[in-house]
Each structure stands twice: as C-alpha cells, then as structure tokens.
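Listed here are the chains, written in short residue letters.
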Amino acid sequence: MNSPARIATIFRREFAAYFTSPLAGIFLVIYLFMSAVLTFQMGGLYERGQADLRPFFQVQPWLDLFLVPALSMRLWAEDRRTGTIELLLTLPFSVRDLVLGKFLAAWAFACVALALTAPLWITVAWLGSPDHGTILVGYIASALMAGTFLAIGAFLSAFTKNQVIAFVLSGVACFLLMVIGFPMLLDFVSGWLPRTAVEAIAAMSVLTHFESMMRGVLDGRDVLYFVSVSAAFLFLNGIVVEWKKAE
Amino acid sequence: MKELIAARGLRKSFGSFEAVRGIDLIVPAGQVLGFLGPNGAGKSTTMRMLTGFLEPTAGTVTLDGIPLADEPIAAKRTFGYLPEGAPAYGDMRVEEFLNFVARARGYVGADARSRVDRSIERLHLEPYRRQLVDTLSKGYKRRTGLAQAILHDPPILVLDEPTDGLDPNQKHEVRELIRRLGDDRAVVLSTHILEEVEAVCTRAVIINEGRVVFDGTPKALDAKAAANVTSNRLDHVFRMLTTSDIGGAPRTKAASR
Ligand SMILES: Nc1ncnc2c1ncn2[C@@H]1O[C@H](COP(=O)(O)OP(=O)(O)OP(=O)(O)O)[C@@H](O)[C@H]1O
Ligand SMILES: [Mg+2]
C-alpha cells in the first residue's frame, strides 16, 4: 500500500470520529449560528446597504479562535491518553502518514462547516449584486486560515494527553499569531523598533494576510504564507509525536 | 530453521534509567517464546522495541529478514502486535475497528470483509461485532486486540499479556489458539503465569532488571521452579467444571507430578 492510500485510511477513521461524538454537531451549530448572528447583527449586513460578505469574513478569525482548537484538540491527545498511539505507530504507517491523515480530516471538517455557510452567499446574491470573485477569495482565505490554525492545534495536541490543555494552548497560540498584526500593537512597537522589524512582525501575522485576501486579491504571497506556516507546524508535529509518544 | 525475529544487543534508557540492558532474542518459525519477569523487568519495553514503537538506545531488530530501523513500514507488515492493555478505538464498533486495521494492512472490499469475519470467528467475537469497543468487558476488549493482531495472518506475533483479564475458559481458548498459530510462526508473548508458559510455550525466557536470567525449555524451568511454585490445581478444576471440551486435557502441573 502506498502513502496516499495509507493517508486515506487515517483520514477516513479520523473524519468519522468527529461524528461519533456530539462534538461535530455542537461545533457546526455554534459555528453556523455565530456566523449568521455576527454577520447580520454586529456586522450590519443590512445597514451597510452593500451586497457583500465583508462582515462575515471579518468575524472568521475570531470564530476560528474558539472553534478550530475544538477540532484539533483531540487529534493526538486522545490517542496518547488511550494508548491507541502505540497501535497506530506499530501498524504499517509512517509518522508522516498519520500527521497528514489527521490534519486533512480536521481540515475537511472545517471546510464542510465553511461550505454550510453558502446560504449567506446566496442571500447577498439575492439582495444585490455582490462581487463573486471577492467572496470566493474570502472563502479561500477562510479555509487557508482554518488550516493554519488546525496545523498549530494539531502540533500542540501532540504535547499532551489532556484535550482541555490542548484546547487552551491552541487558542492562545492562534490568538498570539493574530494580535502581532494589530495596528495598535504595531504602532506601539514602532516607537522603538526599526521599520523593517515592524514590517516583519506584521508579515508574520495571520490577520495581515487574511485581511489582504479579504479585499478580494488573490496574492501568491498570502497563499504562500498560509501554506508554509501550516507545513512548518505539520513538520514539527511529526517531530513532537516521535518525541512524546512513549510518555 | 528460519530466524523470524532477530534482536541483538537491545538496550533502552529512559533518561538516566536503563530499563533494558542488553537483550538478544532469536526466534525461529515454530517457536512460542514465553517472556516472563517481575513487574518493571522490561518485558513491555523490549516488545515495544521489537515492534518499532520505541527506538532502541542500542542494538538492532530484524524481522523476517527486514531491518526494522531501515525499512520500518515493510518490517511492520511482518507482525501482529497486541500492545499492553490492548488499546483500541472506543468509539468504534468491534467490526469497524477491525475493518480499520484491515485497511491499514492493505485489504479493501471483499478481502477486508473476509479477513474481519475470519478474525471475529477465531476469537468468538460474533455476538459482539456490533458493540462499541468502549462498552466491551475487559476480556472481550483483549480478544478484540488479539483479533486485530492476527487479522493478516502474520508470520510473527508479539503479544503483551494476551490472557491478562480473561476468565479461565477464555484463557484456555486463547492458549489453544496461540498454540495452533505457533506451529508455523514465531510468537513472543509475555505473561505472569508460569502455568501458561508450560501450556503454550516451547521456550521460556525470564528477564529481571533488563537482563535475561533464564533461557530454556519450560520443562527445564519447571524443574528449576518446582521448589517454590504451587501447582495450579484450582485452575484445572475450574476448567473441568465450566467447559465441556476437556478432552484435549490441559497439561497442568497437577498432571505432571
Ligand atoms: N516511557 C517511559 N519513561 C520512563 N520510564 C519508563 C518508560 N516506560 C517504561 N519505563 C520503565 O522501564 C521499566 C520497565 O518497564 P516495562 O513496562 O517494560 O516493564 P514490564 O516488564 O512490562 O512490567 P509489567 O510486568 O508490570 O508489565 C519500568 O521501571 C518502567 O517504569
Ligand atoms: Mg508490561
């Protein structure tokens, strides 16, 4: 059996696992409910008198902050707690197969959640004539951002047997990756840091890249940012699995 | 005879503590090796190195001619492994779990189904096949772990306390199964029950503090242990009273003395 087939085996198991606990249902309901409420109420979809999904995309980073760690927390912590990690690592899988299979399962679930918000898109299309290209890029950005947060969450989940700890660590880590792009923080450090350093910090932030994509520009550098940060954390994930597996 | 398991100079340190201190194990086909030793002797640690879960601090493992360190995936196809405590996915039904393992072993479709069915049949799990693993009794959970280990008919079996938590009937059945499987395979099993070694093993290895302190036939062990091991007559009586197929008279110490 080749590597894609092995990854598919892990993917199936992990994706199905989301539906054997109430977690998936709760996640979907909260995510869809919050998306709709925040988009219409706080974002003022109607009041703005403009047919687009800007308010919806603007709340995505904040929703992800709470909901993505709920998807990633169990990925490794659960296997370490129950001892099934020993089974996985002694079946003919490589650590890479396991890391990718688990990540892709969680990411696919996040993408399903995102796809279920399509009625919002349909609503604005019905209310006016939005720029569909901008909306599509917004969806791509949301999926990429969720993937990046999931990669970070999976990495942190491998450190512990406790899902709650994994959840909290992931939430904090994703929050940090966001706030380093806050104008407020950047203004503050720009007083005593050279301009290039400030720009470098801003370039590290998820928010900077997400907001640039939200405007509807599909810039290769933004995509590269999300893909490379995800890849880096998945790589580190494999190392941590090897390091912590027997503890 | 063909060496299926060849482990040489195995050592494992956890920090400054050395759990396994130089163990060699060469196991040919047709041998059932009983691995004995007090708690913490290093049995599970050694088995984890044989199966590639832990990398040895020193030493090499070759399985059916394949070096484990160099070709881990190919080497992992050669054995079935029951880890200590028989871990399994609690949120899956028995057949779903076995089906996952069948896929992991490269079986799909009808092949996977017949493998799963055969394994379920061999471990008498039929009434439980639709039950969630989490809700199984300890004995049936262990059987599910065994079903998973033998699913692909591997030439090598590594079983960490396969009969722990089983009632005397189940113990008897599982021992019969292991003995049958051992005819043409290399089996390494760990246990705390001396009688079990006599009943199923062709070789006994006792380790203490990470070193081999006895390596020989169960008979030789019996002679050595006779002085301080009480016979397991009670086990025998229990089996006689609760099973019908006592025909294949179990070889207990009671009978041999
Ligand atoms: N991951 C680990 N980190 C630190 N020490 C460990 C680790 N795994 C095992 N040990 C230690 O190594 C020693 C051998 O443990 P092992 O589990 O191999 O014993 P065992 O012979 O299987 O015992 P038992 O009969 O109780 O199952 C023990 O002292 C144990 O505490
Ligand atoms: Mg043990």
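Counting restarts for each chain, with residues numbered from 1 along the sequence as it is written. By the order in which they are written, chains take letters starting at A while ligands take numbers starting at 1. The model is predicted, so local features are restricted to residues of pLDDT at least 70 and side-chain atom pairs to those at 80 or more, both for listing and for counting; the totals for chains, interfaces and linings are taken over all residues. To obtain the side-chain values, all non-hydrogen atoms of the structure were used and water was disregarded.

K.L.:
I would appreciate a short explanation of the coordination of the magnesium ion (ligand 2) in the present structure.
P.N.:
Six octahedral donors around a metal ideally make angles of 90 or 180 degrees; four tetrahedral donors ideally make 109.5 degrees. Residues and elements named next belong to chain B. A donor here means an N, O or S atom no more than 2.8 Å from the metal, or no more than 3.2 Å when the metal is Na, K or Ca. Since water is not included, a site may seem to lack partners. Within the first shell, the magnesium ion (ligand 2) binds the protein through Ser-44 (OG) and Glu-84 (OE), at distances of 2.0 to 2.2 Å. On the criterion of sequence distance, the pair formed by Ser-44 in helix 1 (residues 43-50) and Glu-84 in the loop between strand 6 (79-82) and helix 3 (94-104) is long-range, its members being 40 residues apart. Categorising residues by exposure relies on relative accessible area from a 1.4 Å probe, with only protein chains included: less than 20% of the type maximum marks a residue as buried, more than 50% marks it as exposed, and the intermediate range marks it as partly exposed. Taking relative accessible area as the criterion, Ser-44 reaches 12% and is therefore assigned buried. Owing to a relative accessible area of 38%, Glu-84 belongs among the partly exposed residues under this scheme. Helix and strand assignments come from DSSP, with helices taken as H or I runs of at least 4 residues and strands as E runs of at least 2, each series counted from the N terminus.

K.L.:
Sorry, what's going on with the sheet that holds strand 3 (residues 31-36) of chain B here?
P.N.:
Strands pair in a sheet through their backbones, by hydrogen bonds, and they do so in one of two ways: parallel or antiparallel. Residue and element names in this part refer to chain B. For two strands to pair, DSSP has to find at least two bridges joining them. In space, the six strands of this open sheet follow the order 6-7-8-3-9-10, with mixed pairing throughout. One side of each edge strand has no neighbouring strand; the edge strands of this open sheet are strand 6 and strand 10 (211-216). Each neighbouring strand pair of the sheet contributes to a mean axis angle of 15°, computed without reference to strand direction. Of the pairings in the sheet, the one linking strand 3 to strand 8 (residues 186-190) comprises five bridges and is parallel in character. By the bridge assignment, Gly-34 is partnered in strand 8 with Leu-189. Of the strands in this sheet, strand 6 and strand 7 (156-160) are in contact with helix 5 (residues 138-150), which crosses strand 6 at around 165°. In this analysis, axes come from line fits to C-alpha atoms, helices being fitted only over the stretch in contact, and the angle between any two N-to-C directions falls in the range 0 to 180 degrees. Only heavy atoms enter the contact rule, under which two residues are in contact if any of them lie within 4.5 Å.

K.L.:
How should I be thinking about the interface of chain B and chain A in this particular structure?
P.N.:
Interface size is commonly expressed as the accessible surface area that is lost when the partners come together. Each partner contributes residues to the interface: chain B has 25 residues there, and chain A has 27 residues. For the pair chain B and chain A, the two sides together bury roughly 2400 Å², of which 62% comes from carbon and sulfur. Summed over the three residues of chain B that lose the most area to chain A, namely Phe53(B), Tyr89(B) and Arg103(B), the buried surface amounts to 29% of that side. What makes a salt bridge here is a side-chain nitrogen of Lys or Arg within 4 Å of a carboxyl oxygen of Asp or Glu, nothing more. On the surface where chain B and chain A come into contact, there are three salt bridges. A salt bridge links Arg13(A) to Asp91(B); the nearest nitrogen and oxygen atoms lie 3.1 Å apart. Think of a polar contact as two N or O atoms within 3.5 Å of one another; within protein, one of them needs to be a possible hydrogen donor and the other a possible acceptor, and neighboring residues in sequence only count if both atoms come from side chains. There are eight residue pairs in polar contact (both at pLDDT 80 or more) connecting chain B and chain A. Of all the elements in the fold, those that place two or more residues in the side of chain B that touches chain A are helix 2 (72-76), strand 6 and helix 3 of chain B. Broken down by element, the side of chain B that touches chain A gets its largest block of residues, five residues, from helix 3 of chain B. For the side of chain B that touches chain A, a count of residues per class yields 14 nonpolar, four polar and seven charged. Take the accessible area each of two parts loses on contact, using a 1.4 Å probe, and add the two losses: that sum is the buried area. Asp, Glu, Lys and Arg are counted as charged, while Ala, Val, Leu, Ile, Met, Phe, Trp, Tyr, Cys and Pro are counted as nonpolar; the rest, among them Gly, fall into the polar class.

Shape descriptors only; they carry no functional weight alone.
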